Amino acid sequence: MAETEAASSSLVAAVLEAVQGSSGRLEKEGLGGRISRLSDRVEELKGEVCRMINERYVEFLPSMQNAKELESEAAKLSSSIDQLKSMIETEVQEDLNVAIAEFTELKQQLERDTLVLSVLKQLQQFDAALQQASGMLAEKKYVPAAHHLKKAQRCLKLMESRRGFELKILKAFHVELVTQTENLLGVLGEEWKQLAVWRLPQSKEPGSLESASQTELRLHRALPGEDAGTGPSASSVLQGFAILGELRYRFKVFGQLLLSYVLKPLVCHPSLQPLLEEQPDAATLRLESVGTPPGPPSPVEVFVKLRLVLEILHKHLLADPNPCSEDDGDAGPILAEELGEAIWKELSDCLTYHCLVHSIPDSSSKLGQYVEVINATEQFEQALRDMRFLKEDSTDLLTYARNVDRHFADKKCQDVIVTARHLMMAEIHNTVKVTPESSVALPRLTDPAVGDHSDTLVPSKALPIHGGDLETKARLSPHTLSFPTCCISESAQELVALAYQTLEEASASTDQYSAQLFYLVRNIFYLFWDVVPMYHKEKLQKLPQLAAIHHNNCMYIAHHLLTLGHQFQGRLSSLLCDGTATFVDLVPVFRRLGTECFLAQMQVQKGELLERLSSARDFSAVDDEDSYAAANKAVRQAEDGVGRPRMGRTGQAFSGALRLCTARGSQGGGGAWWADSKGPLAAEFSPGEVKNLIRALFQNTERRAAALAKIK
């Protein structure tokens, strides 16, 4: 045990001496070896401890003294180890901090050197790119020159983004780059003017037939005086614009000229035809007016003309292979696609509103013929996609053409509303006379049961009749419930005819648009209710004749509204066959509209009549010559104001009453107005009607009885 203690003590002492004797730095290998030997001695000590415990507790040997000595030795050894550990940590940490600081400084120095090297490399690349761009420009290789300028621009932006390296020379580089870029753009601009030459009319409005006929576009395959195989082409010039970000602006200007002087005139003027003259080094496009085709432009013909023009542009201006970048080999932009984006939106709108809209049928019977337009539209868009003017997902025209049913209904509604509004704003005094025998020009209605035998009613066999003939001898007049004879406005008659024609169109349309057209007819009558009283308000208040005609118009419309819905029931959409296809609810509205206007005018006439009769002391002194003249004048003015011929039976009754009131001799004059069925009253009234007027106007006296006896 004593030997163990001595050996361990000498080992720890040797380690401590080695540590303390070092010059502040421990060599990794010597220190490790000593620590390893110390570890070996610790293991030996551990074995001794185990052996002692085994002897004491297993073999029951008296070894208390040895245990205490061993415990003391272990404590000394632990203290020595802690001291060694503390010294090692202190020395190693100091060395580690120094190493980290040195490494960090070296790293920063390396980063600075790398950054400087990168900036120098970018400076070299920038200078080389400018030199190469200048050389390519001298050789008229515009696409490589543009690529080198683009590369120089990227290098300059990268150098300007470096923090801490704000070089004064960068400003000079920026000026040089802008100068060379503008120089190349100027050269490209001059070349473009010689490759695509416009000859435009002087002081002519763009889009007119005359200006389009004087327009000419000449496309050169190469610059004048240059070899078409080796010289710069239009494609290379346009690609140069694209690389420098100038192509969109150039195509915007070129596209506006193309739209204003070529494409839009071809759409709007059917007489224009495109003509192409090809020479070895160029192609010339001009427009020529051939005749004056009637009607709006045909979509099929317009598509053919536009396709020819775009094919010329694609062949002579845009179809050359796209040059690639010398750096990464990426293809340049598709020129036809770029030009298509510049013109397609405006061109498609022009085709829609100046061509396709006019091609929509005005009758549902012609909708089947519209398939030709749909097919032509699809072929036109596909041809533009093949030439790359359109993207694959662009189907604006075809979508519009395929929705012909909706556009037909919209167009029909618009046309009907415009026509109806013009009729409502027409002069009321242009009248026609209607009689029970006359009828509005109605369309020929089809049999609602044709083709639908499921709802056809099968008449039952007649049952035998017993007890004699039950048929009545009395017959209704053929004019029963007919509209009475009177004068109405021509516009009112045409408005009712328009309603019948629109409902006939609705009966031949699909369910959706049938309902739309039905409610359009209802809206027409609502529009009449709103527009006519307001638009003709002043005339209806001042001119009694117009008020009477307006009354007749309203009654005439109400008369037709009673049965208008019933006549088309079963022929309209299934959505309207549940009793909603009716106009009966509008009947009281129109009757009230006409009655209120006429009664207001009657009140005005009543006041004027009483004022004029004041000098004749009413009708009490008509035997007096002066009183009779005044009363007769007042009555005639009132009669002319109401307009007897226009008001029909109402006007006749009013006129007859006034004439009887002014008859000389009072009751005795009534017979004079009859004059054995030859007087004025006989022309308007039957004998019974005249007698009723006399009984209503005069007292029951002998003279009245005598007058009634004369009327037979």
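Up top is the structure these notes are about.
Residues numbered from 1 in each chain as written. Predicted model: local features only at pLDDT ≥ 70, side-chain atom pairs only at ≥ 80, totals over all residues. Heavy atoms only, no water.

### Thoughts on the overall build of the protein chain
Here is step 1: If you tally the helices and strands in the protein chain, you get 25 helices and 6 strands.
Here is step 2: With 712 residues in all, the protein chain has 40% of them scored as buried.
Here is step 3: Restricting the contact set of the protein chain to residue pairs at least 6 apart, pairs at least 24 apart contribute 74%.
Here is step 4: As displayed, the protein chain offers around 40100 Å² of accessible surface, 54% of which is attributable to carbon and sulfur atoms. (Helix = DSSP H or I, 4+ residues; strand = E, 2+ residues; numbered from the N terminus. Buried < 20%, exposed > 50% of the residue type's maximum accessible area, 1.4 Å probe, protein only. Contact = heavy atoms within 4.5 Å. Areas by Shrake-Rupley, 256 points an atom, 1.4 Å probe, with all protein chains shown as cover.)

### A closer look at empty space enclosed by the protein
Here is step 1: Counted under the stated rule, the structure contains 3 cavities of 30 Å³ or more.
Here is step 2: When its volume is computed, the largest cavity comes out at roughly 90 Å³.
Here is step 3: Counting only elements with at least two residues in the lining of the largest cavity, the list comes to helix 13 (404-424), helix 14 (490-507), helix 15 (511-535) and helix 17 (544-568).
Here is step 4: Ranked by residue count, the leading element in the lining of the largest cavity is helix 14, at 3 residues.
Here is step 5: A class-by-class count of the residues in the lining of the largest cavity yields 8 nonpolar, 4 polar and no charged.
Here is step 6: The space that makes up the second largest cavity amounts to roughly 40 Å³. (1 Å grid on protein atoms, 1.4 Å probe; cavity = no way out; pocket = protein on both sides within 12 Å on 5 of 7 lines; lining within 4 Å. Points joined across faces, edges and corners; volume = space filled by probe spheres on them. Nonpolar A, V, L, I, M, F, W, Y, C, P; charged D, E, K, R; others polar.)

### Remarks on the pairing of strand 6 (residues 486-489)
Here is step 1: The alternating pattern of strand 6 places C486 and I488 on one face and C487 and S489 on the opposite face, and all of these are buried.
Here is step 2: Inspection of the sheet shows strand 5 (residues 431-434) paired to strand 6 by 4 bridges, in the antiparallel sense. Residue pairing for strand 6: T431 is matched across the bridge by S489. (Pairing = 2+ DSSP bridges.)

### Remarks on the pairing of strand 3 (residues 272-278)
Here is step 1: Both strand 3 and strand 4 (residues 282-289) contribute to a ladder of 7 bridges, which runs antiparallel. From the neighbouring strand, Q273 faces strand 4, where its bridge partner is E288.
Here is step 2: The hairpin formed by strand 3 and strand 4 contains 3 residues between the paired strands.

### Regarding helix 11 (residues 371-386)
Because the α-helix completes a turn every 3.6 residues, residues three or four places apart line up on one side.
Here is step 1: Over its 16 residues, helix 11 extends 23 Å from the first C-alpha to the last, a length consistent with the 22 Å expected when each residue adds 1.5 Å.
Here is step 2: Of all the residues in helix 11, the buried ones are V373, I374, A376, T377, F380, E381, A383, L384 and R385.
Here is step 3: Where helix 11 is buried, its residues contact helix 9 (299-318), helix 10 (335-359) and helix 12 (396-402).
Here is step 4: The positive-phi residue at the C-terminal boundary of helix 11 is R388, with phi of around 70°. (Expected span 1.5 Å × (residues − 1).)

### A word on helix 4 (residues 142-160)
Here is step 1: Here helix 4 is 19 residues long and its end C-alpha atoms lie 27 Å apart, about the 27 Å a rise of 1.5 Å per residue gives.
Here is step 2: Along helix 4, the residues that are buried comprise Y142, V143, P144, A145, A146, H147, H148, L149, A152, C155, L156 and M159.

### Considering the packing of aromatic side chains
Here is step 1: Counted under the stated rule, the structure contains 10 aromatic pairs.
Here is step 2: Ring geometry for Y500 versus F568: centroids 6.2 Å apart, planes at 45°, classification tilted. Here Y500, found in helix 14, pairs with F568, found in helix 17; they are 68 residues apart in sequence, far enough to count as distant. Across the pair, F568 and Y500 agree in class, each one buried. (Phe/Tyr/Trp six-rings, centres within 6.5 Å; stacked < 30°, edge-to-face > 60°.)

### Comments concerning the sheet that holds strand 1 (residues 196-199)
Here is step 1: Taken together, 4 strands build an open sheet; the order of strands is 1-2-4-3 and the sheet is antiparallel. The strands lining the two open edges of the sheet, one partner per strand, are strand 1 and strand 3. Neighbour-to-neighbour, the strand axes of the sheet open up by a mean angle of 20°, direction not taken into account.
Here is step 2: Relative to strand 4, strand 2 (residues 216-220) is paired through 5 bridges, and the arrangement is antiparallel. From the neighbouring strand, R218 faces strand 4, where its bridge partner is T284.
Here is step 3: Along the sheet, helix 5 (residues 169-195) makes contact with strand 1 and strand 2, crossing strand 1 at roughly 60°.
Here is step 4: Contacts between helix 8 (residues 247-268) and the sheet are confined to strand 1, strand 2, strand 3 and strand 4, with strand 1 contributing the most and set at about 55° to the helix. (Axes fitted to C-alpha atoms, helices over the stretch in contact; angles between N-to-C directions.)

### Concerning the side chain of T377
Here is step 1: Counting through the fold element by element, T377 comes out in helix 11.
Here is step 2: Judged by its relative accessible area of 0%, T377 falls in the buried class.
Here is step 3: Only 2.8 Å separates the side chain of T377 from the backbone oxygen of V373, close enough to count as a polar contact.
Here is step 4: Sequence-distant contacts of T377, defined by excluding residues within four places in its chain, comprise F303, L356, L397, L398 and A401. (Polar contact = N/O pair within 3.5 Å; in protein donor to acceptor, adjacent residues only side chain to side chain.)

### Here's the deal with the packing of helix 7 (residues 234-243) against helix 8
Here is step 1: Relative orientation of the contacting elements helix 7 and helix 8 amounts to 125°, with a least axis distance of 7 Å. Looking at the two axes, helix 7 sits oblique to helix 8. Contacts between helix 7 and helix 8 involve L238, F241 and A242 on the former and, on the latter, L247, R250 and F251.
Here is step 2: Along the lines of polarity and charge, the residues of the contact of helix 7 with helix 8 split into 5 nonpolar, no polar and 1 charged. (Parallel < 35°, antiparallel > 145°, perpendicular 65-115°, else oblique.)

### Details of the packing of helix 15 against helix 17
Each pair of packed helices gets described by two things: the angle between the helix axes and the distance between those axes.
Here is step 1: Contact pair helix 15 / helix 17: the axes reach a minimum separation of 12 Å and the direction vectors enclose 165°. Compared by their axis directions, helix 15 and helix 17 come out roughly antiparallel. Crossing angle aside, the handedness with which helix 15 passes helix 17 is left-handed. The residues of helix 17 that touch helix 15, namely those facing F525, F528 and V532, are H550, C554, I557, L561 and L564.
Here is step 2: Grouping the amino acids of the contact of helix 15 with helix 17 by side-chain chemistry returns 7 nonpolar, 1 polar and no charged. (Left-handed = near helix turned anticlockwise from the far one by under 90°.)

### Description of the pattern of salt bridges
Here is step 1: Scanning all chains against the criterion turns up 16 salt bridges.
Here is step 2: Taking the shortest distance from any N to any O, the salt bridge between E278 and K315 comes out at 3.5 Å. Of the two residues, E278 is situated in strand 3 and K315 in helix 9; the sequence distance between them amounts to 37 residues.
Here is step 3: Taking the relative accessible area as the measure of exposure, K315 reaches 54% and is therefore exposed.
Here is step 4: In this structure, E341 engages K391 in a salt bridge whose closest nitrogen and oxygen atoms are separated by 3.4 Å. With E341 in helix 10 and K391 in the loop between helix 11 and helix 12, the pair connects residues that are 50 residues apart, well separated along the chain.
Here is step 5: By relative accessible area, which is 43% here, E341 ends up partly exposed. (Salt bridge = Lys/Arg side-chain N within 4 Å of Asp/Glu carboxyl O.)

### Focus: the side chain of T502
Here is step 1: Here T502 shows up in helix 14.
Here is step 2: A distance of 2.8 Å separates the side chain of T502 from the backbone oxygen of L498, its partner in a polar contact.

### Some words on unusual backbone geometry
Here is step 1: Residue K140 is not a glycine yet carries a positive backbone phi of 60°.
Here is step 2: Looking at the secondary structure, you find K140 in the loop between helix 3 (64-138) and helix 4.
Here is step 3: Phi angles above zero are rare outside glycine, and R388 is one such case at about 70°.
Here is step 4: Topologically, R388 is positioned in the loop between helix 11 and helix 12.

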